[in-house]
Each structure stands twice: as C-alpha cells, then as structure tokens.
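Summary of structural features
Now for the letters of each chain:
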Amino acid sequence: MTETTPSYTAFQGPRRKPARANDAAALVLIYDDSTGRAIDLDLRGDDGEVAARYAQASAPDAEPRGRGRPKLGVVAREVTLLPRHWDWLGRQPGGASVALRKLVEEARGKGGDRQRRRMAQDAAYHFMSAMAGDLPDFEEAIRALYADNRAMFETLTETWPTDIRDHARKLAHGDAQS
C-alpha cells in the first residue's frame, strides 16, 4: 500500500466549507478522509496563532532518538511472542527484524485490496453516521455499502444533500485521497 498525505474535509451543516468559515459562531466539523472520523482542532486566535500552534505540534521531537534507523523511519517497539516464535525468527536469514518485515510486507500485499476496501467502507460509515444518520434510507445505504452494492448505495444516497452525498460516495469508493 502506498502511504498518502493526510487529507481532511470540513463541513458547515450539510455544505463543504473552508476550514476557516467566515461566520466564527458557526459550527464547522472537520473529517479525516482516511477514517471518516471527526477531528478536533483548536482554532482559537488569528490565522497566525493557529498556524503556529499546529506547526509546533507537528515539529519533530528535539530529543535524541533511541534504537532503530531513524533516517529510514524505523521505530523500535516491543513485540511479545512465544519462545518457539522467537526460535523460528532467530533462524531466519537476517534475523527476527528482517523476517518480521518480510512477513508484514507479504501480508499487506496479499490482503491489500480487501483491506483498502474495508477501510474505505469504514471511513464512509463513520462519516455517514455523523452527517447522514437522520437522512432518508440511511440504514439501507449502510447495508448496501457493506454488501459492496455500489449501484444500490448510489441510488439510496441520491436524495441526500449534494455535499454529504458526494463525500460519502467518495469515501465509500476509496477516492478520499484523489
């Protein structure tokens, strides 16, 4: 699977909006396109203060890193296995780390399409639950989504507000990063 740049979509009521709406009192909901879940942002202050707050939060740690290969993005974490698993891993060419990386990549390749499909369905479900739960045919649309019945899903969502309908379809079909 290819790693993608995070993307988000903001809604003010049933309409997509820029993240900074003109009406400061209006409720703006922002959704992570990869999960369909709402995210919380602290938008207090002017644009500069908001930008500084999030630039600081996303800055790399100044503390020295521990073990691993930070330039390659390798992160050391704990893995708990049974002794027979450690024995098998220890006998593999390159040792336990290389064997585990190969196993993970193989598993990602085999189930990649199925996993991407399920992630798209789950993202659409989370978004739809928040934004379309009271709309006509919501439950039937969820059933069509998980039955992978694209034609029925599109028929059932046709009468929904345009931006909600289009975003739900985009998420459901795995087009969130396009």
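Above this text sits the structure in question.
Below you will find a few notes about this structure. (Residues numbered from 1 in each chain as written. Predicted model: local features only at pLDDT ≥ 70, side-chain atom pairs only at ≥ 80, totals over all residues. Heavy atoms only, no water.)

Take a nonpolar patch on the surface next. Together, Leu41, Leu43 and Tyr54 line one region of the surface with nonpolar side chains, adding up to about 220 Å² of accessible area. If you trace the backbone, tyrosine 54 turns up in helix 1 (residues 47-58). Classification of tyrosine 54 by relative accessible area gives partly exposed; the value is 32%. (Patch = residues over 30% accessible without salt bridge, like charges linked within 9 Å, V, L, I, M, F, W, Y side chains within 5 Å. Areas by Shrake-Rupley, 256 points an atom, 1.4 Å probe, with all protein chains shown as cover. Salt bridge = Lys/Arg side-chain N within 4 Å of Asp/Glu carboxyl O. Helix = DSSP H or I, 4+ residues; strand = E, 2+ residues; numbered from the N terminus. Buried < 20%, exposed > 50% of the residue type's maximum accessible area, 1.4 Å probe, protein only.)

On the basis of which strands lie adjacent, the open sheet formed by 4 strands has the order 2-1-3-4 and antiparallel pairing. Of all strands in the sheet, those bounded by a partner on one side alone are strand 2 (15-17) and strand 4 (38-39). Its contacts with the sheet place helix 3 (residues 95-131) against strand 1 (8-12) and strand 3 (29-32), and it is angled at close to 165° to strand 3. (Pairing = 2+ DSSP bridges. Contact = heavy atoms within 4.5 Å. Axes fitted to C-alpha atoms, helices over the stretch in contact; angles between N-to-C directions.)

Looking at chain direction, strand 1 and strand 3 are connected through 4 bridges and run antiparallel. Each bridged residue has a counterpart across the sheet, and for threonine 9 the counterpart in strand 3 is tyrosine 31. Bridge count between strand 3 and strand 4: 2 bridges; the pairing is antiparallel. Bridge pairing in strand 4 places isoleucine 30 opposite isoleucine 39. Between the end of strand 3 and the start of strand 4, which pair antiparallel, lie 5 residues, with glycine 36 showing a positive phi angle near 75°.

Across soluble globular proteins, nonpolar side chains show a tendency to be buried alongside one another. Within the largest apolar cluster, 19 residues are counted, with the highest numbers of intra-cluster contacts made by Phe127, Met128, Phe153, Trp160 and Ile164. For this core, the secondary structure elements donating two or more residues are helix 3, helix 4 (138-146), helix 5 (150-157) and helix 6 (162-172). In terms of residue count, helix 4 provides more of this core than any other element does, 5 residues in total. (Core = buried A, V, L, I, M, F, W, Y, C linked by side-chain atoms within 4.5 Å.)

With that out of the way, let us pick up the packing of aromatic side chains. Evaluated as defined, the whole model comprises 4 aromatic pairs. When the centroid spacing of 6.2 Å and the interplanar angle of 75° are considered together, the rings of phenylalanine 11 and tyrosine 31 count as edge-to-face. Of this pair, phenylalanine 11 sits in strand 1 while tyrosine 31 sits in strand 3, placing them 20 residues apart in sequence. Between phenylalanine 11 and phenylalanine 127 the ring centres are 5.3 Å apart and the planes differ by 45°, which places this aromatic pair in the tilted class. With phenylalanine 11 in strand 1 and phenylalanine 127 in helix 3, the pair connects residues that are 116 residues apart, well separated along the chain. Phenylalanine 11 sits in the buried class, given a relative accessible area of 0%. Judged by its relative accessible area of 0%, phenylalanine 127 falls in the buried class. Grouping aromatic residues by their ring pairs yields a cluster made of Phe11, Tyr31 and Phe127. (Phe/Tyr/Trp six-rings, centres within 6.5 Å; stacked < 30°, edge-to-face > 60°.)

Moving on to the pattern of salt bridges. This structure, assessed with the given rule, holds 10 salt bridges. A salt bridge links arginine 15 to aspartate 163, with the shortest nitrogen-to-oxygen separation between them at 3.5 Å. Residue arginine 15 is found in strand 2, and its partner aspartate 163 is found in helix 6; the two are separated by 148 residues along the sequence. Take arginine 15: its relative accessible area is 47%, and that puts it in the partly exposed class. Exposure remark for aspartate 163: the relative accessible area of 8% places this residue in the buried category. The partner of glutamate 158 in a salt bridge is arginine 169, with the nearest N and O atoms 2.9 Å apart. Highlighted residues: glutamate 158 in the loop between helix 5 and helix 6 and arginine 169 in helix 6, separated in sequence by 11 residues.

Honestly, that's just the spatial picture; any functional story needs more than this.
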